[in-house]
Amino acid sequence: VVGVRVRPFNEREKNQGATLCIEMEGTTTGIRNSSDALTSYGFDESFWSHDGFENDENGYSHPLPGSSYADQMYVFEKFGKRVLDNAWEGFHCCLFAYGQTGSGKSYSMVGYGRNKGIVPISCEEIFCRIEKNSIPDLKYEVVVSVVEIYNEVVQDLLIHTSERPKKGLEIRENKMLGIYIDKVTKRAVASYAAIEKTIEEATHNRTIGSTLMNATSSRAHTVLTIEFKQVHLIEGNKESTKVSMINLVDLAGSEKAGQTGATGDRLKEGAAINKSLSALGNVIEKLAQKSSGKKQVLIPYRDSKLTRLLQNALGGSSKTIMICALSPASINYEETHSTLRYADRAKKIKNAAIVNENPQEKLMRQLKEENDKLKVIMEQVGGAGGVDLDAFQDKVAEIKAAEEALKEQQRSFEERLKEAGFAEPESQDEEGRSRFRSKMIGTAKDIPHILNLNEDMLLTGRMKHRFPEGQTVRIGQLGEDLDGEEDVSEPDGSDCASGWEDEKPDVVLAGVGIFQNHAQVTNNNHQCVLRSRGKPANATFVNGVSYAVLYKQRKHSWQKRASAEHANTKPQDLGVPLVHGDRVAFGQCLFLFVDPLICTGEVLISSGQISYFEARKELAKNQWKAAGLKFMKGMKEARAGDASNLEKSVLRKISSYGTETGTSVNKRHGSVDDDALGAISDDSDDGG
């Protein structure tokens, strides 16, 4: 099943005067080129989300009366509901979004704010259906895993970046297990709140990974897998089981290097993304040829990790839905037309889906068969027959993997739920991870905090760092050398070493311009005060202005108003108070300060009061201004230095000339006779 969806113009397209090149009529989508020629394609669904909508008081975009606008719920009813219906029938199913960078893939899949996408609505609908179950002998089990493919490396997003293997996880194939990711985390969930928290944790880990690797969300493919099991008790203690693997895939955006201006690592990332998407395109094309009756077609699944992972969804026993996101702008005509051709090929693929029943019994039967084969090989070892040792080792590895999978399946769902987070931490490491989840995911609603601003709206607000009452939170980077921080000086050079001991930061950031002891935020009586010093003070900004400048302004004001109320206040205790809505930057990391007692950060962002691009523009403007002033100051000092050196040189020349000729020098006024100046001028012409 294939559908396409067109979004509204974005700011870039509006600024460049782009015109609308997409037309939709029913399930038919057309695209016009610069010569006004129309090329039309037919799909299962064509979603018009370009115009004809308004936002209600909660920020949800719904259609105006009489318009054909397809809102988020409409898209879910057409595609997301179909995925769940297939899962309930026991089929494997997959839904993935494809399109160029910025075309709206993630909006359809994940959504933003009140406009939830297919993924969160589907997760909520799963548990709504489970709660409506009235059959006492029927129970449901839900297990989730989340991975991303970045630069052809598979990473588990339910594992913190500090604990991940450097080379990522391996995609393996087993005759009994099929294609699977080795050692991926599978977390049992019993409610929508639990699955929402799990996805939030995965998204947060994705954000941290992006920060550390200088990437954004569009640089990686993300796959959320929901293992949905229906267990029906029949006569005696026997169970009838149906299992469905639901894969929800948000692909990275295809892009042209010339349009993105990418260089260095960013260019390599783009090349890896385009390579995997090209491999996906090749697989789709070959599958389409096979479905049309062509014989002996080799499907190149192994050309990329993405196609390898989606092998069953693309050409196996899975019911697959593809939604292609389109830009409406004429300036993106080539990319949009390429996406339409991509979708047109995909709709020709025909999969033969089957109901997946009793996987445990099937695995036990296959294990018995493989063990019998292994016995035959062992007998050959004991006899005179030759044995293929590689084949023998592969067989042993297959059986071992299958036994581990069977052991996992035989564990009770309650036991897996307990392991997922309801049990007390068994070790210090587990306790630390629990504290991490509590701190990063469960941000208290009434505690002031900062949340990250990102060019990708889906990553904005994913990193939340709170400032509890009566505590000081240290912000910085791990492992940075303190030598360049001038760690005992304020921005103005005075001593303020107290409270800046060499300790690990509570909030760990990474990137250009981040120091180990970069800044501190103290919350006293719900008033958060920012403090920094030395070089980090010049790399810390509030509303685009450096902390060093703001601190000096406050110190100057404090000195002018020195009175009884400030008698016990030291200059270094002043800091810069943070106000709701302040844009705070540490190096190049942008954050928004939020006081939840006033309103949430989501309200500020969704209402348009705060945006990443405006904050970045504000920061860049002030940084350029500061750099210009610094340059002018340096030029002024250089000129002053040159003038002073010239005067000294003049005096030396005059002194020397006066000794020889008797010329007088008036040292009090710094003046010389005209004849002396003439002589100096003549000497200078000769290079003197």
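Note that the structure is a prediction, hence the values are computed from the model and not measured.

In terms of helices and strands, the protein carries 19 helices and 31 strands. Of all 688 residues assigned to the protein, the portion counted as buried reaches 45%. Long-range pairs, those at least 24 residues apart, make up 69% of the contacts in the protein between residues at least 6 apart in sequence. When the accessible area of the protein is evaluated, it comes to approximately 36000 Å², of which 49% is carbon and sulfur surface.

Next up on the list: the environment of Tyr41. Tracing the backbone shows Tyr41 in strand β4 (residues 38–42). Taking relative accessible area as the criterion, Tyr41 reaches 11% and is therefore assigned buried. Along the sequence, Tyr41 and Thr28 sit 13 residues apart, while their C-alpha atoms lie 5.7 Å from each other. Beyond its immediate chain neighbours, meaning those up to four positions away, Tyr41 contacts Thr27, Thr28, Thr29, His337, Leu340, Arg341 and Asp344. A polar contact of 2.8 Å, which involves the side chain of Tyr41, links it to the side chain of His337.

Quick look at the packing of aromatic side chains now. Inspection of the entire model under this criterion finds 11 aromatic pairs. Counting every residue linked through ring pairs, the aromatic cluster contains Phe47, Tyr74 and Phe79. Sitting over the face of the ring of Trp88, Arg129 holds its NZ or CZ atom 5.1 Å from the ring centroid. Taking the ring centre of Phe91 as reference, the NZ or CZ of Lys319 above it sits at 4.4 Å.

In this model, helix α4 (residues 118–131) (14 residues) spans 20 Å end to end at C-alpha, consistent with the 20 Å of a helix rising 1.5 Å per residue. When α4 is considered as a whole, its buried residues turn out to be Ile118, Val119, Pro120, Ile121, Ser122, Cys123, Ile126, Phe127 and Arg129.

Here we come to the packing of helix α2 (residues 72–88) against α4. To characterise two packed helices, one gives the angle between the axes of the helices and the distance between these axes. Close contact between α2 and α4 brings their axes to 10 Å; oriented N to C, the two are set at 50 degrees. Accordingly, the angle class assigned to the pair α2 and α4 is oblique. Note on packing geometry: the crossing formed by α2 with α4 is right-handed. Facing α2, whose interface residues are Gln72, Met73, Val75, Phe76, Gly80, Lys81, Leu84, Asp85 and Trp88, α4 presents Ile118, Ile121, Ser122, Glu125, Ile126, Arg129 and Ile130.

For Asn151, which is not glycine, the phi dihedral falls at a positive 55 degrees. With respect to the helices and strands, Asn151 occurs in the loop between β11 (138–150) and β12 (153–156). Of note, His526 is a non-glycine position whose phi angle comes to about 65 degrees, a positive value. Mapped onto the elements of the fold, His526 is located in the loop between β23 (519–524) and β24 (527–531).

So, about the pairing of β12. Every other side chain in a regular strand lies on the same face of the sheet, so the side chains alternate between the two faces. By the bridge criterion, four bridges tie β11 to β12 in an arrangement that is antiparallel. Each residue of the ladder has a partner; that of Glu148, found in β12, is Gln155. Taking the residues that link successive antiparallel strands as the turn, the β11-β12 hairpin has two residues, and the phi of Asn151 there is positive, at about 55 degrees.

This part covers the sheet that holds β23. Read across the open sheet, the five strands follow the order β22-β21-β23-β24-β27; overall the sheet is mixed. In the strand order of this sheet, the two ends are held by β22 (507–508) and β27 (576–577), each with one partner. In this structure, strand β21 (residues 472–476) lies alongside β22, joined through two bridges in parallel fashion. Bridging from a neighbouring strand, Gly476 pairs with Val508 of β22.

For any part of a model where pLDDT is low, the fine detail of the predicted coordinates should not be relied upon. In this model, the protein carries a mean pLDDT of 76, and residues with pLDDT of at least 70 account for 66%. Note on residues 257–263: pLDDT under 50 across the span, and seven contacts to partners over four residues away in sequence or across chains. The model gives residues 492–498 a pLDDT under 50, and that stretch makes 17 contacts with residues more than four places away or in other chains.

Once that is clear, we can look at the pairing of strand β8 (residues 92–98). Summarising burial for β8: seven of the seven residues are buried, a large majority. Sheet topology note: the β8/strand β17 (residues 239–250) ladder contains five bridges and is parallel. Within the sheet, the bridge partner assigned to Cys94 lies in β17 and is Asn247.

Attention shifts here to the sheet that holds strand β25 (residues 540–542). If you walk across this open sheet you meet the six strands as β20-β19-β29-β28-β25-β26, and the pairing is antiparallel. Among the strands making up the open sheet, the edge pair consists of β20 (464–466) and β26 (545–546). Where strand β19 (residues 449–452) lies against strand β29 (residues 589–594), four bridges are found, and the strand directions are antiparallel. Bridge pairing links Ile450 to Phe593 in β29.

Summed over the entire model, instances satisfying the criterion amount to 13 salt bridges. Across the salt bridge formed by Arg32 and Glu23, the nearest N and O atoms sit 2.5 Å from each other. Accessibility expressed as a relative area gives 26% for Arg32, which makes it partly exposed. According to the relative accessible area criterion, Glu23 is partly exposed, its value standing at 34%. Three or more residues are tied together by salt bridges with common partners; here these are Lys81, Asp85, Glu125 and Arg129.

The rules behind the values
- Along every chain, residues carry numbers that run from 1 in the direction the sequence is written.
- Totals for whole chains, interfaces and linings use every residue, but because this is a predicted model, local features are given only for residues with pLDDT of at least 70 and side-chain atom pairs only at 80 or more, for both listing and counting.
- Hydrogen atoms and water are omitted, and side-chain values are computed over all heavy atoms in the structure.
- A run of DSSP states H or I qualifies as a helix once it reaches four residues; a run of E qualifies as a strand once it reaches two. Both are numbered from the N-terminal end.
- Exposure categories follow from relative accessible area, calculated using a 1.4 Å probe and restricted to protein chains: below 20% of the type maximum is buried, above 50% is exposed, and the middle band is partly exposed.
- Here a residue-residue contact requires only that any non-hydrogen atoms of the pair lie within 4.5 Å.
- Residue burial considers only the protein chains on display, and all accessible areas are found by Shrake-Rupley using a 1.4 Å probe.
- Throughout this description, a polar contact denotes any pair of N or O atoms lying within 3.5 Å of each other; where both atoms belong to protein, one of them has to be capable of donating a hydrogen while the other can accept it, and for residues adjacent in sequence the pair is counted only when both atoms sit in side chains.
- Here the aromatic set is Phe, Tyr and Trp, taking the six-membered ring for Trp, and pairing holds for ring centres within 6.5 Å; pairs whose planes are under 30 degrees apart are stacked, those over 60 apart are edge-to-face, and all others are tilted.
- To sit over a ring, a charge needs its Lys NZ or Arg CZ within 6 Å of the ring centre and within 35 degrees of the ring normal.
- A helix is expected to reach a length of 1.5 Å times the quantity of its residues less one.
- Only the stretch in contact is used when fitting a helix axis, every axis being a line fitted to C-alpha atoms; angles between N-to-C directions are given from 0 to 180 degrees.
- Roughly parallel covers angles under 35 degrees, roughly antiparallel covers those over 145, roughly perpendicular covers 65 to 115, and oblique covers all other angles.
- For any pair of crossing helices, the crossing counts as left-handed if the nearer helix is rotated counterclockwise from the farther one by less than a right angle, and right-handed if it is rotated clockwise.
- Here, any two strands with at least 2 DSSP bridges between them count as paired.
- On a scale of 0 to 100, pLDDT captures the predictor's confidence in every residue.
- Just to be clear on terms, a salt bridge is a Lys or Arg side-chain nitrogen sitting within 4 Å of an Asp or Glu carboxyl oxygen.

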